[in-house]
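# Observations on the model geometry
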Amino acid sequence: MNDKFRKFITVTLLIISILSAGIAVYAHSIPSETKFTQVTESYEMTGSLKTSALFTNESIYGSSGSMEYYPESIVKEIVGNYSFTADSGFSGNYEMNIGITYYVKDGKKSIVLWNETYFSEKGEVNGDTSIEFSIITSELKRRLEAVKDGTGISRVQQSVRLDFRAQSDEVSFEHSMNLVKRSGLYSFSNTEKTLKDRKVSETVRENYISGIEVNNARILYAGLSLSALIPALAINRNSISSRGKRNMEKGVMVVNGRKVGDRILLDSFNDLKKVYQLSDSPIIKSKDVRGDVYTIEVNGITYEYRA
């Protein structure tokens, strides 16, 4: 292979190897896939309890009124309206229960003696619904006294809890409220609740380089880089070897010749000059039947050159 063609092939292979190696490095620097998230649906559900009371004494509040706190002693009936709304086209079932629990306190521990249902309603809901109920306070007191008589425990206490639940195939909404009796007043806890949520879908997309998946591109271009580099080195192995030898001899004085017994036969007069420079011994010129002979004696070794 002539030098020009060898150099052309070498340059071409090296360019291919370098470019392929660069692409392989780039392929390792990017993820093999990209994940995308998308909100497919968002929704908001709200539950709200509104109440009013009928009074036995009309001197101050009149016959009825809607307040946050109701005086226990003049309340005859509490009328409630619970509304549920969902802005995402909610479709499913609902259930509303008012339960009464009877218990006694033992230190900080509450011991439940009896549970009963005061009100219950079920049905279907599409988007929103409204439920009306009433709690007659005299009926609560009557039931409390009946449990006290039935258990023989005078310190039985009573709690009233309202539970609403709406559920579709995908989401559910739960709301619990309590009728609180404290300091001679009736009130309701946790009368408002809002639930917001969203559904998110995740999509995974493979990344590509030059139309090839990143994972495959990493392997392909790394292999292509090696495949181009190996033949480039192979066709230049003699040149690389010679350059290595020259680099090895660089900086030292090399004398070319061959050893025969205790004599070293030098290849040229320049090699003899190098021996002279190194040994600082005189060059002896003599003649024999074959011609002029130049020799240098160094430490029992004769360096000889024949013209």
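Structural data are supplied above this passage.
Every residue gets a number counted from 1 within its own chain, in the order that chain's sequence is written. Side-chain atom pairs in this predicted model are given and counted only at pLDDT of 80 or more, local residue features only at pLDDT of at least 70, and totals for whole chains, interfaces and linings cover all residues. Here the side-chain values reflect all heavy atoms present in the structure, with hydrogen atoms and water set aside.

### With respect to helix α5 (residues 269-279)
Because each turn of an α-helix spans 3.6 residues, side chains separated by three or four positions end up pointing in the same direction. Short version of the rule: Residue burial is assigned from relative accessible area. The probe radius is 1.4 Å, only protein chains are included, and a residue is buried under 20% of its type maximum, exposed over 50%, and partly exposed in between. A helix here means a DSSP run of H or I that spans at least four residues, while a strand means a run of E at least two residues long, and both kinds are numbered starting from the N terminus. This arc describes the spread of directions from the helix axis toward the C-beta atoms. The contact rule is simple, with two residues in contact once any of their heavy atoms fall within 4.5 Å.
Looking at α5, one finds that the buried residues are Asp271, Leu272 and Val275. Here the buried residues of α5 occupy an arc of 105° about the axis, which is enough to place them on one side. Residues of α5 that are exposed and angled more than 90 degrees away from the buried face: Asn270 and Gln277. Buried residues in α5 make contact with β15 (263-266), β17 (291-298) and β18 (301-306). Following α5 by one or two positions, aspartate 280 has its phi on the positive side, about 60°.

### Quick word on the environment of aspartate 280
With respect to the helices, strands and loops of the structure, aspartate 280 is situated in the loop between α5 and β16 (284-288). Expressed as a C-alpha distance, the spacing of aspartate 280 and isoleucine 296, which sit 16 residues apart in the sequence, is 9.5 Å.

### Some points on the pairing of strand β8 (residues 157-167)
Short version of the rule: A pair of strands counts as paired when DSSP detects no fewer than two bridges linking them.
Pairing geometry for strand β5 (residues 91-106) and β8, over 11 bridges, is antiparallel. Counted as the bridge partner of asparagine 93 is glutamine 167 from β8. Here eight bridges tie β8 to strand β9 (residues 172-182), and the two strands are oriented antiparallel to one another. Counterpart to alanine 166 in the pairing with β9 is phenylalanine 173. The turn joining β8 and β9, which pair antiparallel and follow one another in sequence, is formed by four residues.

### A short note on helix α2 (residues 137-151)
This is how it is decided: A helix is expected to span 1.5 Å multiplied by its residue count minus one.
Spanning 15 residues, α2 covers 21 Å between terminal C-alpha atoms, matching the ideal 21 Å at 1.5 Å per step. Of all the residues in α2, the buried ones are Thr137, Glu139, Leu140, Arg143, Leu144, Val147 and Lys148. Positive backbone phi, at 70°, marks glycine 152, one or two positions downstream of α2.

### Description of the packing of aromatic side chains
The line we're drawing: Planes of paired rings set the category: under 30 degrees apart is stacked, over 60 is edge-to-face and the rest tilted, where pairs are Phe, Tyr or Trp rings (Trp by its six-membered ring) whose centres lie within 6.5 Å. Think of it as a cone above the ring: NZ of Lys or CZ of Arg counts as a charge over the ring if it is within 6 Å of the ring centre and within 35 degrees of the ring normal.
Inspection of every chain in the model, using the stated rule, returns 11 aromatic pairs. Ring centres of phenylalanine 84 and phenylalanine 173 lie 5.3 Å apart, and the angle between their planes is 45°; this geometry places the pair in the tilted category. One end of the pair, phenylalanine 84, is in strand β4 (residues 75-86); the other, phenylalanine 173, is in strand β9, and 89 residues separate them in sequence. Just as phenylalanine 84 is buried, phenylalanine 173 falls in that class too. In textbook terms, an aromatic cluster arises when at least three aromatic residues are bridged by ring pairs, as seen for Tyr82, Phe84, Phe90, Tyr94, Phe164 and Phe173. Note that lysine 193 overlies the ring of phenylalanine 173, its terminal NZ or CZ placed 5.6 Å from the centroid.

### Some points on the sheet that holds β15
What counts is decided by this rule: Orientation is described by axes fitted as lines to C-alpha atoms, over the contacting stretch for helices, and by angles from 0 to 180 degrees between their N-to-C directions.
The sheet built from five strands is open, its strands ordered β14-β15-β18-β17-β16 with mixed pairing. Each edge of the sheet is formed by a strand with only one pairing partner; in this case those strands are β14 (257-260) and β16. Neighbour to neighbour, the strand axes of the sheet diverge by 30° on average, direction disregarded. Of the strand pairs in this sheet, β17 and β18 are connected by six bridges, and their pairing is antiparallel. The partner of threonine 295 across the bridge, within β18, is glutamate 304. Its contacts with the sheet place α5 against β15, β17 and β18, and it is angled at close to 25° to β17.

### Describing unusual backbone geometry
For serine 183, which is not a glycine, the phi torsion comes out positive at approximately 55°. On the secondary structure map, serine 183 appears in the loop between β9 and β10 (185-189). Of note, the phi angle at asparagine 190 is positive, near 55°, even though the residue is not glycine. Within the secondary structure, asparagine 190 sits in the loop between β10 and β11 (192-206).

Interpretation in functional terms is not warranted from these geometric data alone.
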